[in-house]
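Commentary on secondary and tertiary structure
These are the residues of each chain, in order.
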Amino acid sequence: MAHTNPLKYTDRASAALRGIPPLRLTGRIAGLSGLMAEVAGLSGQLAVGSRLLLHPREAAADARGTGVGPGQAGAHRASPILAEVVGFRGTLARTMAFGALDGLGPGAASLMPVRRHAGGFALGEGGMLAPSDAWLGRVIDPLGRPLDGGGPLPQGPISRPVRAAPLPAAERARLGPRIDLGVRALDCFATSRQGQRLGLFAGSGVGKSTLLAMLARGAATDVTVLALVGERGREVREFIEDELGPEGLARAVIVVATSDAPPLLRREAAHAAMTVAEHFRDQGRQVLLMMDSVTRFCLALREIGLSAGEPPATRGYPPSVFAELPRLLERAGPGLQPPQGDARSPGHITALFTVLVEGDDHNEPVADAVRGILDGHVVLDRRIAEAGRYPAIDVLRSLSRAASGCLAPAEAALVRRARALLALYADMADLVRLGAYRAGADPAVDEAVTLAPRIEAVLAQDRATASTIEDGFAALRAALETNVP
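The numbers attached to residues start from 1 for each chain and follow its sequence in the written order. Given that this is a predicted model, residues contribute local features only at a pLDDT of at least 70 and side-chain atom pairs are listed and counted only at 80 or more, while totals for whole chains, interfaces and linings are drawn from all residues. Just so you know, side-chain values use all the structure's heavy atoms and leave hydrogens and water out.

**Structural notes on the overall build of the protein**
Secondary structure follows DSSP: runs of H or I at least 4 residues long count as helices, runs of E at least 2 residues long count as strands, and numbering of each begins at the N terminus. The helix and strand tally for the protein stands at 12 helices and 19 strands. A simple rule labels every residue: compare its accessible area, found with a 1.4 Å probe on the protein chains alone, to the largest value its type can have, and call it buried under 20%, exposed over 50%, or partly exposed in between. Expressed as a percentage of the 485 residues in the protein, the buried residues total 52%. In this analysis, two residues are considered to be in contact whenever any of their non-hydrogen atoms come within 4.5 Å of each other. Relative to all contacts within the protein whose residues are 6 or more apart in sequence, the contacts with residues 24 or more apart total 73%. Surface accessibility follows the Shrake-Rupley procedure with a 1.4 Å probe radius. Residue values consider only the protein chains on display as shielding. Carbon together with sulfur atoms contributes 54% to the accessible area of the protein, which is approximately 21600 Å² in total.

Below is the structure:
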């Protein structure tokens, strides 16, 4: 008796299952208010984070079709609009859209297909992305769609949830060795390790974008992931072409949601960039993640929270903002510790999150919260920028909490001496300029007056100049070892 191959029946069953039309649940829009659309009829099938399609009245007749991509309301008024559930009011699901609400009204259809969409994100679930190495050199939106005119974006074999939880703290690897960031001021005075997370605190117009481009080009990492959250539309192409350049773009993935994008899309940009960075980290690569800016991410969260009915708390920010912030920032860092005996090096996400301090107030709520979560902070000072020294990093107010674990004793002593000289010079600078201090009155002040300008010369760096940690410490040592008259 011939044996039947069981795989044949399995293949037939799989093919038959794929041919079954997906389940589609339909509800109705019960009300619209501001950025919020309330949906009735699906409360038993939805949860916070679920996604569905809202059909404008013009598209009601085509609600059963799938030819129009979700979230593209800007392209055609009748296009279905991708939306996400952010809360409930009784049996009504409160949703916010990833596009404009034009054409929506009470009674319009809302559709929830219970299957994953081919575009790389899920409907009926949270968002999904399937990153691949082919994304390097590409500019994408938070939903995984190309923005650079470079053709379709190849999908990787594994889909990842965009809103993922951080890795378990006890299973993570430790920080790696120190990393060359390519900027002398950072390499010497805020020396960082692989997997470290730094905050970059800056007001507007002090060289933040130029510093990010220097890091993207000069940092000793395998991949760069850059999230531009709430940036001005005109600045995106200028940053990519002028600041980043072809060399920096070739090993980068850029996720963009400009300031005119809906708040959900701006929030999603931060999580999408983190998801892409995690993809490369899990391959064992060294990833530099730069997010500009966390402040605009929090502003998007504030819009979402207030629209959902949360009470404003600290300076108008609802409590959910400060609960969401650590869930995002904690996703960066080292990957999982390999099993014992496995010689493979874990991947790391070395992250730099910019904080746009309004009115140069470094104690505003977002800056204060970010400073407490991250492993160090870098401050750009407007007065230094106005004096013409770039990058305008205030090394006396900048700190790496992991520097003690990666500096040699001689290097640590060199940094301490340079900081002391700069601090003393800052205290006496006004007296020296006014002529109220006489040379020779205090040898320590005389030394600071002589050596501080030399240290400042070491900190100044042209944006096209490459540097290493060894180069930075050699230049700093030479400046401090020069004989003082």
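Still to come is the rest of the account.
**Examining helix H5 (residues 263-281)**
Given a helix with a known number of residues, its expected span is that number minus one, times 1.5 Å. For H5, which comprises 19 residues, the first-to-last C-alpha distance of 28 Å matches the rise-based estimate of 27 Å (1.5 Å per residue) to within 8%. Taking burial as the measure, the 19 residues of H5 include 19 buried ones, the bulk of the element.

**Thoughts on the pattern of salt bridges**
A pair is scored as a salt bridge if a Lys or Arg side-chain nitrogen falls within 4 Å of a carboxyl oxygen belonging to Asp or Glu. Overall, the coordinates contain 35 salt bridges when judged by the stated rule. Put simply, Glu231 and Arg296 hold a salt bridge, and the shortest N to O gap is 2.7 Å. Here Glu231, found in strand E13 (residues 223-231), pairs with Arg296, found in helix H6 (residues 294-307); they are 65 residues apart in sequence, far enough to count as distant. Residue classification places Glu231 among the buried positions, given a relative accessible area of 7%. Each of the salt bridges in this network shares a partner with another, and the network as a whole consists of Arg51, Glu84, Arg163, Arg267, Glu268, Glu324 and Arg327.

**What about the packing of aromatic side chains?**
Side-chain rings of Phe, Tyr and Trp, where Trp is taken by its six-membered ring, are said to pair if the distance between their centres is within 6.5 Å; with planes under 30 degrees apart they count as stacked, over 60 as edge-to-face, and otherwise as tilted. Tallied over the entire structure, the rule returns 1 aromatic pair. Aromatic pair Tyr317 and Phe322: ring centres 5.9 Å apart, planes at 70°, arrangement edge-to-face. Of the residues examined, Tyr317 reaches a relative accessible area of 4% and is grouped as buried. Given a relative accessible area of 25%, Phe322 falls into the partly exposed group. A ring has a charge above it when a Lys NZ or an Arg CZ is no more than 6 Å from the ring centre and no more than 35 degrees off the ring normal. A cation over an aromatic ring shows up here: Arg302 above the ring of Tyr317, its NZ or CZ 4.6 Å from the ring centre. Just above the ring of Phe201 sits the side chain of Arg371; from NZ or CZ to the centre is 5.1 Å.

**Some points on the packing of helix H7 (residues 319-329) against helix H8 (residues 365-373)**
Remark: H7 packs on H8, axes separated minimally by 11 Å, with the N-to-C direction vectors making an angle of 40°. With respect to H8, the axis of H7 lies oblique. The way H7 lies across H8 gives a crossing that is right-handed. On H8, the residues that touch Phe322, Leu325, Pro326 and Leu329 of H7 are Pro365, Val366, Ala369, Val370 and Ile373. Throughout, an axis means a line fitted to C-alpha atoms (over the contacting stretch in the case of helices), and angles, computed between N-to-C directions, take values from 0 to 180 degrees. Orientation labels follow simple angle bins: below 35 degrees gives roughly parallel, above 145 gives roughly antiparallel, 65 to 115 gives roughly perpendicular, and whatever is left gives oblique. The hand of a helix crossing depends on one turn: near helix anticlockwise from the far one by less than a right angle means left-handed, and clockwise means right-handed.

**So, the confidence of the model for the protein**
Residue-level confidence of the predictor is what pLDDT reports, using numbers from 0 through 100. Looking at the protein as a whole, its pLDDT mean stands at 87, while 88% of the residues score no less than 70. Within the model, pLDDT remains below 50 along residues 60-77, and this stretch shows 27 contacts once partners closer than five positions in the same chain are excluded. Here residues 115-123 is a poorly scored stretch, pLDDT under 50, and it has 31 contacts once near neighbours within four places are set aside; other chains count.

**A look at unusual backbone geometry**
The phi torsion of most residues other than glycine is negative, and most of the peptide bonds are trans. Note the cis peptide between Asp292 and Ser293, where omega equals 5°. Structurally, Ser293 is set in the loop between strand E15 (286-292) and H6. A cis amide bond, omega -5°, links Tyr390 with the succeeding residue Pro391. Of note in this structure, Arg315 is not a glycine but carries a positive phi near 50°. Positionally, Arg315 belongs in the loop between H6 and H7. On the accessibility criterion, Arg315 (54% relative accessible area) is exposed.

**Quick notes on the side chain of Thr221**
Looking at the secondary structure, you find Thr221 in the loop between helix H3 (208-218) and E13. For Thr221, a relative accessible area of 10% corresponds to the buried category. Leave out the neighbours within four places in its chain, and Thr221 touches Ile179, Arg251, Gln286, Val287 and Leu288.

**Re the packing of helix H10 (residues 409-434) against helix H12 (residues 469-481)**
Between H10 and H12, the shortest axis-to-axis distance is 11 Å and the interhelical angle comes to 55°. Here H10 lies oblique to H12, going by the angle between them. When you trace H10 past H12, the crossing you get is left-handed. Contacts from Glu411, Leu414, Val415, Arg417, Ala418 and Leu421 in H10 reach Phe473, Leu476, Arg477 and Leu480 in H12. Gly is put with the polar residues, along with every residue not named as nonpolar or charged; the nonpolar set is Ala, Val, Leu, Ile, Met, Phe, Trp, Tyr, Cys and Pro, and the charged set is Asp, Glu, Lys and Arg. Of the residues that constitute the contact of H10 with H12, the class distribution is 7 nonpolar, no polar and 3 charged.

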